[in-house]
Amino acid sequence: MAESYPRVMVADAEGRIFDHPDLEMLVWDGESLRRPEREELIALPLGSDVFALPGRSPLAADPDTDEVVELNEGPDGGQLNAVSAFVAPAYVRLYHPAYETRDGAPDLPLYAYGAVGWMNGRLYAPAIRVDSDKRQDPYRFDVPEIEAKVLEFKLRYPRNKTVRHLEHCALVYHCRAAQNYFLGRWEAPMPAASTCNAACIGCISDQPDVNVEAAHTRLDIPADADDLIEVAVGHLERVPNGVVSFGQGCEGEPLVQGPVLEATLRGIRARTDKGVLNLNSNASLPKVVAKLADAGLDAIRISLNSTRAPYYERYYRPTGYDLADVLQSAKEMTSRGLYVSLNYFVFPGVSDSPAEIESLCAFIEEGGVQMIQLRNLNIDPQLYLRELGEGAVSDPIGVIPFIHTLRARFPKLRFGYYNPPRTKQGRKGPLPGAKLAPLYAT
Ligand code: SF4
């Protein structure tokens, strides 16, 4: 008989993952435990990962009594751990997994931990797709083809240090942006900076916190303009509707390399008028942004965990700038008619708290933001809330109501996950989770 609701997943001490025979999955919305709505659940998308969470006891619901059950021991008396899903690119998780952290539990590595359950022979997760663009869908990447292209580029660009760096990204980190560069499609990365003027607690290229490992080794030498120009022009001349982007996971903050970026932008536009020249950035230096905009920059994607200054500063730990500078950078772009999107780190409980939504709306309004790229924040949930402190979570309304509230306030606001090509800039696109709106109607 078909099941109507997912059962909880558990892991044994060896990390082997099982579905519990009776108890049902619970989720955590950042403030309280709850059952996800059946309609919020999707089959876990291809390209997602599943993790056992060390030192964390799963919490589940007893379908007969509706009570919360903490699972500590398996039938063999062994310790049980919670299980989480890291949903594939272009998807946003709606809730955190439900677990109790045991004393002495290690901090979790830098992933976005989402809830997951088992139903009718497969894994289900409360998540939604926020971008129909398939540029990072896993079945589109054939490793032997990528390896052959890397060899080809080695011959075509024998002295280009950026291409050498991207070879490592494509073959070792399996970075989809670097792989798309070699495959000659969509968006190409242009890592430029080896330092940063912030010290994010969730930085994936430089981790001051010994307990948490950075996912990438940060670029050790700043890139030079000639190499970047060669990469960009080569990509934009062969890829229709292409995008090239400074600001990647393997580098620091591109704005600290202002003069190199300015020379690169002028060099590219001297050779081609094709595609979008984009900057992924913490937008900390508005004067530099203004210069880059005048040098040919078309779009900026501003990374933010929160638009409330205390929570922004406790996460970014900025040096020599603050949130007002970030907002000013947005204005420098929109005042020139250029494209501004946010790389907004969605964290259930914080992002969908009414106080956060209010301040985010003020930032969108004042900055003239045209798009929000909804990204899952990759961090241990308890560590993050510990660092943010009191008040970060207060009466969260849910991730989908959060998105729908923004669209109601800004009818032209675009949602997505990836930097749009020129043809999609200015188009609002579909509303993520639109079909689920009746679920939240009050
Ligand atoms: S702004 Fe980027 S590079 Fe700098 S610390 Fe934060 S995540 Fe790392």
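Rules used throughout
- Residues numbered from 1 in each chain as written.
- Predicted model: local features only at pLDDT ≥ 70, side-chain atom pairs only at ≥ 80, totals over all residues.
- Heavy atoms only, no water.
- Near = heavy atom within 4 Å.
- Nonpolar A, V, L, I, M, F, W, Y, C, P; charged D, E, K, R; others polar.
- Core = buried A, V, L, I, M, F, W, Y, C linked by side-chain atoms within 4.5 Å.
- Buried < 20%, exposed > 50% of the residue type's maximum accessible area, 1.4 Å probe, protein only.
- Helix = DSSP H or I, 4+ residues; strand = E, 2+ residues; numbered from the N terminus.
- Domains from an automatic or database assignment.
- Salt bridge = Lys/Arg side-chain N within 4 Å of Asp/Glu carboxyl O.
- Axes fitted to C-alpha atoms, helices over the stretch in contact; angles between N-to-C directions.
- Left-handed = near helix turned anticlockwise from the far one by under 90°.
- Contact = heavy atoms within 4.5 Å.
- Pairing = 2+ DSSP bridges.
- Buried area = accessible area lost by both parts, 1.4 Å probe.
- 1 Å grid on protein atoms, 1.4 Å probe; cavity = no way out; pocket = protein on both sides within 12 Å on 5 of 7 lines; lining within 4 Å.
- Points joined across faces, edges and corners; volume = space filled by probe spheres on them.

Trainee: Would you take a moment to explain the site of the ligand for this structure?
Mentor: All residues in the neighbourhood of the ligand are listed as Cys-196, Ala-198, Ala-199, Cys-200, Cys-203, Arg-218, Glu-251, Gly-252 and Asn-282. Looking at side-chain class alone, the shell around the ligand contains 5 nonpolar, 2 polar and 2 charged residues.

Trainee: Would you mind showing me how to read the nonpolar core here?
Mentor: One broad trend across soluble globular proteins is that nonpolar side chains are buried collectively. Grouped together as the largest cluster of nonpolar side chains are 108 residues, with contacts concentrated most on Tyr-315, Ile-372, Tyr-384 and Leu-406. The element contributing the most residues to this core is helix 4 (residues 225-238), with 7 residues. When residues of this core are assigned to domains, at least three fall in each of domain 1 (7-129) and domain 2 (138-424). With 11 residues, the next largest nonpolar core counts Met-9, Ala-11, Leu-44 and Tyr-91 among its residues.

Trainee: Looking at this structure, how should I read the pattern of salt bridges?
Mentor: Pairing is possible between side chains of opposite charge, provided their charged atoms come close. Within this structure, the stated rule accounts for 27 salt bridges. With a shortest N-O distance of 2.7 Å, Arg-35 and Glu-24 are connected by a salt bridge. Of this pair, Arg-35 sits in the loop between strand 4 (33-34) and strand 5 (41-43) while Glu-24 sits in strand 2 (residues 17-25), placing them 11 residues apart in sequence. Of the residues examined, Glu-24 reaches a relative accessible area of 16% and is grouped as buried. Here Glu-187 and Arg-135 are joined by a salt bridge, their closest N and O atoms 2.8 Å apart. Taken together, the residues Glu-187 in strand 15 (residues 187-189) and Arg-135 in the loop between strand 14 (122-129) and helix 1 (143-156) connect sequence positions 52 residues apart. Three or more residues joined by partner-sharing salt bridges are found here, namely Glu-3, Arg-7 and Asp-19.

Trainee: Sorry if this is basic, but what is going on with the packing of helix 4 against helix 5 (residues 258-271) here?
Mentor: Helices that pack against each other are described as a pair by the angle of their axes relative to one another and the distance between those axes. Closest axis-to-axis distance for the helix 4/helix 5 pair is 9 Å, and the angle between their directions is 40 degrees. For the pair helix 4 and helix 5, the crossing hand works out as right-handed. Where helix 4 approaches helix 5, its residues Ala-225, Leu-228, Ile-229, Ala-232, Val-233, Leu-236 and Glu-237 are matched on the opposing element by Val-260, Ala-263, Thr-264, Gly-267, Ile-268 and Arg-271. Partitioned by chemical class, the residues of the contact of helix 4 with helix 5 number 9 nonpolar, 2 polar and 2 charged.

Trainee: What is the right way to look at the sheet that holds strand 19 (residues 339-346) in this model?
Mentor: If you trace the 7 strands from one edge of the open sheet to the other, you get 15-16-17-18-19-20-21, paired in parallel fashion. Since the sheet does not close on itself, it has two edges, and those belong to strand 15 and strand 21 (414-416), each with one partner. Ignoring which end each strand starts from, the neighbouring axes of this sheet average 25 degrees apart. When strand 17 (residues 276-281) meets strand 18 (residues 299-304), the two strands line up parallel, connected through 4 bridges. Looking at strand 18, one finds that Ser-281 is bridged to Ile-302.

Trainee: For this particular structure, what's the right way to read helix 6 (residues 286-295)?
Mentor: Count 3.6 residues to each turn of an α-helix, and residues three or four apart come out pointing the same way. Listed as buried for helix 6 are Pro-286, Val-289, Ala-290, Leu-292, Ala-293 and Ala-295. For helix 6, the elements touching its buried residues are helix 5, strand 17, strand 18 and helix 8 (323-334). Two residues or fewer past helix 6, Gly-296 is found with a positive phi of approximately 130 degrees.

Trainee: How should the domain arrangement of the protein chain be read in this particular structure?
Mentor: Bring the parts together and some accessible area is lost; that lost area is often taken as the interface size. Annotation of the protein chain at the domain level lists domain 1 (7-129) and domain 2 (138-424). The C-alpha centroid of domain 2 is placed 30 Å from the C-alpha centroid of domain 1. Contact with domain 1, which involves 27 residues of that partner, is made by 35 residues of domain 2. By the criterion of area lost to domain 2, the three top residues of domain 1 are Arg-93, Asp-107 and Leu-110, representing 28% of everything that side buries.

Trainee: Explanation requested: the environment of Glu-167 in the structure shown.
Mentor: Mapping Glu-167 onto the fold places it in helix 2 (residues 161-171). We classify Glu-167 as buried; its relative accessible area is 7%. Dropping the residues within four chain positions of it, Glu-167 is found in contact with Val-150, Lys-154, Val-172 and Phe-182.

Trainee: Would you mind going over empty space enclosed by the protein with me for this structure?
Mentor: In total, this model carries 4 cavities of 30 Å³ or more according to the counting rule given. Looking at the largest cavity, its volume works out to about 80 Å³. Along the walls of the largest cavity sit Val-8, Met-9, Met-25, Leu-26, Pro-58, Leu-59, Ala-82, Val-83, Pro-97, Ala-98, Ala-115 and Val-116, which together make up its complete lining. Elements that contribute at least two residues to the lining of the largest cavity include exactly strand 1 (7-11), strand 7 (56-61) and strand 9 (81-86).

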